[in-house]
Amino acid sequence: MKCTSTLLVLFCLFGSPAWAGDFVVDIGGFWAKTDSTVTSKALDGNPITLDFEDALALRDNQVLPYLWLGYRFNERHIVYLDWKRLHRSAANVSEVDFVIPEHPESGITAGSHIETRLDIDVARLGYAYSFYQRPNAEAGVSLGLHLMFIDLGFSGELSGCVTLPSGESECARVESGEQSVSDSVTAPLPDIGMWFNYQLYKQLWLDTHVQWFYLKVDDISGSLLDVHAGLKYTLTPDWDIGLGYNYYRVEVDWDSTELRYNYRGPMLNVRYRF
């Protein structure tokens with residue numbers, strides 16, 4: 001999935017909460033415990049859920065890079081953009097038979113050597129309004145749009161499949177490892193949220209937010225929950241360092257495919273204002 005140019009354009013235009021009149025650059029990473037599944041069907045025609053970590057050997061612990069840019073153009077109005085990236089791949093021997101999601105003409109038979117790729121990029125663009133301001137506390141609401149870039153691919157000993165009148169699939173393995181199948185989708189998912197910052201002691205602040213949404217349009221539906229709680233320490237008037245915990249869950253259904261994805265884990269970030 002080629003999303004780099006799109007993200008660079010957005011990064012130049014929008015960002016995240018900061019003090020009045022300031023731009024902000026916030027860079028960090030998550031140590032993410034990841035769980036992801038996708039629906040398909042077995043060769044006998046019955047539905048099957050593929051666990052990317054258990055069945056397809058993708059790593060379930062990985063550093064997830066994070067970028068947050070923003071500008072507050074007066075005391076209460078904020079525009080923001082953030083981006084998260086999780087790209088994973090693995091090679092293993094399949095223990096199950098299944099048809100590749102969204103590609104009924106291709107499948108995997110048990111015992112096949114395959115390589116699996118699951119690349120997910122999430123960009124969030126939005127607007128926030130600060131409705132409560134005190135010297136030691138601030139709270140606000142947000143309205144945004146998540147853009148998800150999903151690239152799912154298989155290569156190796158793939159099989160050509162045909163669907164029989166009974167609904168079952170009959171597949172013949174291709175011994176060459178040169179074939180490749182991939183599926184990509186961009187899902188725009190709106191979200192609403194709230195955020196709250198509170199000064200605990202001198203330069204030490206509590207930093208929290210929660211965002212959620214549910215949307216169904218035609219044959220596409222999705223839901224999202226994003227929760228963060230952490231501590232932020234002000235090193236200088238321009239520099240902050242933060243440590244927190246994040247939970248992120250997204251479910252997307254398109255056509256006959258269901259993707260379930262979540263991660264959770266600690267987050268470390270550095271923020272610069274200018």
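Just so we're clear, the structure is a prediction, and the values are computed from it rather than from any experiment.

What counts as what
- Residues take numbers from 1 onward in each chain, read along the sequence in its written order.
- Note on the predicted model: pLDDT of at least 70 is required for a residue's local features to be given, and 80 or more for side-chain atom pairs to be given and counted; whole-chain, interface and lining totals, by contrast, use all residues.
- Each side-chain value is worked out from all heavy atoms of the structure, with water and hydrogens disregarded.
- The helix count covers DSSP runs of H or I at least four residues long, the strand count covers runs of E at least two residues long, and both are numbered beginning at the N terminus.
- Each residue's exposure class comes from its accessible area (1.4 Å probe, protein chains only) as a fraction of the maximum for that residue type: buried when under 20%, exposed when over 50%, partly exposed otherwise.
- For the area figures, the Shrake-Rupley method with a 1.4 Å probe applies, and any residue is considered shielded solely by the protein chains shown.
- The criterion for an aromatic pair is that two Phe, Tyr or Trp rings (for Trp, the six-membered ring) have centres within 6.5 Å, with stacked assigned to planes under 30 degrees apart, edge-to-face to planes over 60 apart and tilted to the rest.
- Nonpolar cores are built from buried Ala, Val, Leu, Ile, Met, Phe, Trp, Tyr and Cys residues. Side-chain atoms within 4.5 Å join them into one set.
- The contact rule is simple, with two residues in contact once any of their heavy atoms fall within 4.5 Å.
- Pairs of cysteine sulfur atoms within 2.5 Å are what we label disulfides.
- The term salt bridge refers to a pairing of a side-chain nitrogen on Lys or Arg with a carboxyl oxygen on Asp or Glu at a separation within 4 Å.

> I keep staring at the overall build of the protein chain and nothing clicks. Help me out?
In terms of regular secondary structure, the protein chain is built from one helix and 15 strands. By the burial criterion, 50% of the 274 residues in the protein chain qualify as buried. Accessible area for the protein chain stands at about 13100 Å²; split by element, carbon and sulfur atoms hold 60% of it.

> Help me understand the packing of aromatic side chains in this model?
Scanning all chains against the criterion turns up 11 aromatic pairs. Ring centres 5.4 Å apart and planes at 55° place the aromatic pair F30 and Y263 in the tilted group. Taken together, the residues span a long stretch of sequence, with F30 in strand 1 (residues 23-41) and Y263 in strand 15 (residues 257-273) at a distance of 233 residues. When the ring of Y248 is compared with that of Y263, the centres are 5.2 Å apart and the planes differ by 15°; the resulting orientation is stacked. Note that Y248 is positioned in strand 14 (residues 239-254) and Y263 in strand 15, a separation of 15 residues in sequence. What links up through ring pairs into an aromatic cluster is the set F23, Y71, W239, Y272 and F274.

> I tried to follow the nonpolar core on my own but got confused; where do I start?
If you look at soluble globular proteins, the nonpolar side chains tend to sit buried side by side. F52, F98, M148, F154 and V250 are the most contacted members of the largest nonpolar core, which has 40 residues in total. If one sorts the elements of this core by residue count, strand 7 (residues 113-134) sits on top with five residues. Filtering out sequence-adjacent residues up to four positions away, V250 remains in contact with M148, L189, S223, L224, L259, R260 and Y261.

> Honestly, the state of the cysteines in this entry has me stumped. Any pointers?
Think of a disulfide as a covalent bridge from one cysteine sulfur atom to another cysteine sulfur atom. The full count for this structure, using the stated rule, is one disulfide. Across the disulfide, C161 is cross-linked to C171 (sulfur-sulfur distance 2.0 Å). Between C161 and C171 the sulfur-sulfur dihedral comes to about 110°; the bridge is accordingly right-handed. With C161 in strand 9 (residues 159-163) and C171 in strand 10 (residues 169-173), the pair connects residues that are 10 residues apart, well separated along the chain.

> Looking at this structure, I do not really get the pattern of salt bridges. What am I missing?
Once the charged atoms of two side chains with opposite charge are near each other, the side chains can pair. Within this structure, the stated rule accounts for 11 salt bridges. As a salt-bridge pair, E53 and R88 come within 2.7 Å of each other at their nearest N and O atoms. Taken together, the residues E53 in the loop between strand 2 (47-51) and strand 3 (61-72) and R88 in strand 4 (residues 77-93) connect sequence positions 35 residues apart. Considered together, E53 and R88 belong to a single accessibility category, that of buried residues. Among the salt bridges present, the one from R260 reaches E251, with a minimum N-O distance of 3.7 Å. Take R260: its relative accessible area is 24%, and that puts it in the partly exposed class. You can call E251 partly exposed: its relative accessible area is 28%. Linked through salt bridges whose partners overlap, the residues forming this network are D82, R124 and D226.

> Teacher, can you tell me more about the environment of L125 here?
Its location among the elements puts L125 in strand 7. Residue classification places L125 among the partly exposed residues on the basis of a relative accessible area of 24%. Taking the C-alpha atoms as reference points, L125 and G144, separated by 19 residues in sequence, lie 5.4 Å from one another.

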